[in-house]
Amino acid sequence: MPGSFFMHKQTTPPICNYEDSDYQTSFWDQGGREYEDRTEAIALKRLLPKKGRLVLELGAGAGRNTSRYPGFERIVLLDYSRTQLEQAQGRLGKSDKYIYVAADIYRLPFVNGLFDVATMIRTLHHMADAPKALEQVRNVLGSSGIFILEFANKLNLKAILRFLLGRQKWNPFTLEPVEFVKLNFDFHPRAIRNWLKELGFEIERTLTLSHFRVGFLKRIVPTSILVFLDSFFQSTGALWQLSPSIFVKAKIVGRDAISLIEPNDILSYFKCPECGHSPLIEKNGYLECSSCRKR
Ligand SMILES: [Zn+2]
């Protein structure tokens, strides 16, 4: 695949890999997730800058959200799974606008300060070491870079009620992440805010989503009505956050401007995830580091 790069190998911490998964079809297309998908589209529209140069979509999967970045000149789709990216390429087609990169979020293969915007939607959910992943995102964002992050909220109304009724052992009020299924984590909103602040981000906006993610409501109320109501309640995220899904828009503050990359030289985007060396050498189907010889 031209414009596609694959770079992983041994990884720590553990990775939730969607390789060979039919996630897009089973979860999104036929899984009754139209409500969640449409409310995410609304949140993205509210938070995304109107235009920009280069956006990094972390955990892009099969490209479900990729068409929702119309104002950007170029989009880098990153996912750990190569087959997910092949599905994305099948959906989006081959074009200079999209660059597909199979890599590990804990060791991003990009030079520092490259992107104006990064998004990570339904992905932090699988991160055993969330602060480490967030730090990598911070490093590849340029000065005044914008980060749009979705995370699963442990402090949601259902978890609170279940805990108070004694039907759930884990405490939704404490700051540590909860791993409710292997490699599936919910986070406390304050823990996320603390991590982002420590990394030099300032939170500009918070939206709450999926207020009505309740099976019987989704069965009896038309999706358009639920989407409309959810859209109405999203802004209450500025006041409190009790919904299962939260979007934050964070901006890097006080970062030095970093040398501009030649936008058409795609090779200059990359650095070696092992030793940090840049530029890499393009070989047939992979990139090689001239410093440590890693592929
Ligand atoms: Zn290297």
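Everything below is about the structure shown above.
Residues numbered from 1 in each chain as written. Predicted model: local features only at pLDDT ≥ 70, side-chain atom pairs only at ≥ 80, totals over all residues. Heavy atoms only, no water.

A. Expanded view of the overall build of the chain. When helices and strands are counted, the chain shows 8 helices and 12 strands. Here the C-alpha atoms of the chain give a radius of gyration of 19 Å, agreeing with the 19 Å that 2.2 N^0.38 yields for 295 residues. Expressed as lengths along the three principal axes of its C-alpha atoms, the size of the chain is roughly 60 × 40 × 35 Å. Sequence-distant contacts in the chain: of pairs separated by 6 or more residues, those separated by 24 or more amount to 70%. If you average the places of the 40 positive and of the 31 negative side-chain charges in the chain, the two averages end up 4 Å apart. (Helix = DSSP H or I, 4+ residues; strand = E, 2+ residues; numbered from the N terminus. Rg over C-alpha atoms; globule rule 2.2 N^0.38 Å. Contact = heavy atoms within 4.5 Å. Lys, Arg positive; Asp, Glu negative; His and termini not counted. Charge placed at Lys NZ, Arg CZ, Asp CG, Glu CD.)

B. Up close: unusual backbone geometry. Cis geometry marks the peptide bond from Ser278 to Pro279, where omega comes out at 0°. Of note in this structure, Ser144 is not a glycine but carries a positive phi near 60°. In this structure, Ser144 sits in strand β6 (residues 141-152). A positive phi angle is found at Ser210, which is not glycine, with a value near 60°.

C. Structural view of the coordination of the zinc ion. Coordination of the zinc ion by the protein is provided by Cys272 (SG), Cys275 (SG), Cys289 (SG) and Cys292 (SG), with metal-donor distances spanning 2.2 to 2.3 Å. In this structure, the zinc ion is coordinated by 4 donor atoms arranged in tetrahedral fashion, with angles at the metal of 104 to 117°. Written as a sequence motif, the donor arrangement for the zinc ion is C-x2-C-x13-C-x2-C. One end of the pair, Cys272, is in the loop between β10 (245-252) and β11 (281-283); the other, Cys289, is in the segment after β12 (286-288), and 17 residues separate them in sequence. Taking the relative accessible area as the measure of exposure, Cys272 reaches 2% and is therefore buried. The class of Cys289 is buried, set by a relative accessible area of 1%. (Donors = N, O, S within 2.8 Å, 3.2 Å for Na, K, Ca; no water. Tetrahedral: all angles 85-135°; square planar, octahedral: opposite > 155°, others 65-115°. Buried < 20%, exposed > 50% of the residue type's maximum accessible area, 1.4 Å probe, protein only.)

D. Structural view of the packing of helix α2 (residues 34-47) against helix α8 (residues 223-233). At a minimum axis separation of 9 Å, α2 and α8 run at an interaxial angle of 35°. Between α2 and α8 lies a crossing of right-handed hand. Contacts between α2 and α8 involve Glu34, Tyr35, Arg38, Thr39, Ile42 and Arg46 on the former and, on the latter, Thr223, Ser224, Leu226, Val227, Asp230 and Ser231. (Axes fitted to C-alpha atoms, helices over the stretch in contact; angles between N-to-C directions. Left-handed = near helix turned anticlockwise from the far one by under 90°.)

E. Focus on the nonpolar core. In this structure, Phe110, Leu124, Phe147 and Leu149 are the most contacted members of the largest nonpolar core, which totals 47 residues. If you list the elements that add at least two residues to this core, you get β2 (52-58), β3 (72-79), β4 (98-103), β5 (115-120), α4 (130-140), β6, α6 (189-198) and β10. With 5 residues, α4 is the single largest residue contributor to this core. If near-sequence neighbours (up to four positions away) are discounted, Phe110 is found in contact with Leu56, Val76, Leu78, Val101, Phe115, Val140, Tyr269, Phe270 and Lys271. Core analysis: the next-biggest nonpolar cluster, separate from the first, contains 22 residues, Leu47, Tyr69, Tyr100 and Leu207 among them. (Core = buried A, V, L, I, M, F, W, Y, C linked by side-chain atoms within 4.5 Å.)

F. Inspection of α8 at higher detail. When α8 is considered as a whole, its buried residues turn out to be Leu226, Val227, Asp230 and Ser231. What you see down the axis of α8 is that its buried residues fit within an arc of 135°, all on one side. Of the residues in α8, the exposed ones pointing more than 90 degrees away from the buried face are Phe228 and Phe232. On its buried face, α8 sits against α2, β9 (201-209) and α7 (215-220). (Arc of directions from axis to C-beta.)

G. Structural detail: the layout of surface pockets. In this model, the largest pocket occupies a volume close to 1100 Å³. What lines the largest pocket is a set of 37 residues, and nearest its centre among them are Asn156, Asp186, Arg213, Pro244 and Ser245. Mapped by element, the contributors of at least two residues to the lining of the largest pocket are α1 (23-29), β6, α5 (157-164), β8 (184-186) and α7. Split by residue class, the lining of the largest pocket holds 15 nonpolar, 13 polar and 9 charged. (1 Å grid on protein atoms, 1.4 Å probe; cavity = no way out; pocket = protein on both sides within 12 Å on 5 of 7 lines; lining within 4 Å. Points joined across faces, edges and corners; volume = space filled by probe spheres on them. Nonpolar A, V, L, I, M, F, W, Y, C, P; charged D, E, K, R; others polar.)

H. Empty space enclosed by the protein, seen in detail. For the structure on display, the rule yields 2 cavities of 30 Å³ or more. In this structure, the largest cavity occupies an estimated 420 Å³ of space. As for the largest cavity, its lining consists of 30 residues, of which Gly59, Gly61, Asp79, Arg122 and Thr123 are closest to the centre. Those elements that provide at least two residues to the lining of the largest cavity are α1, β2, β3 and β5.

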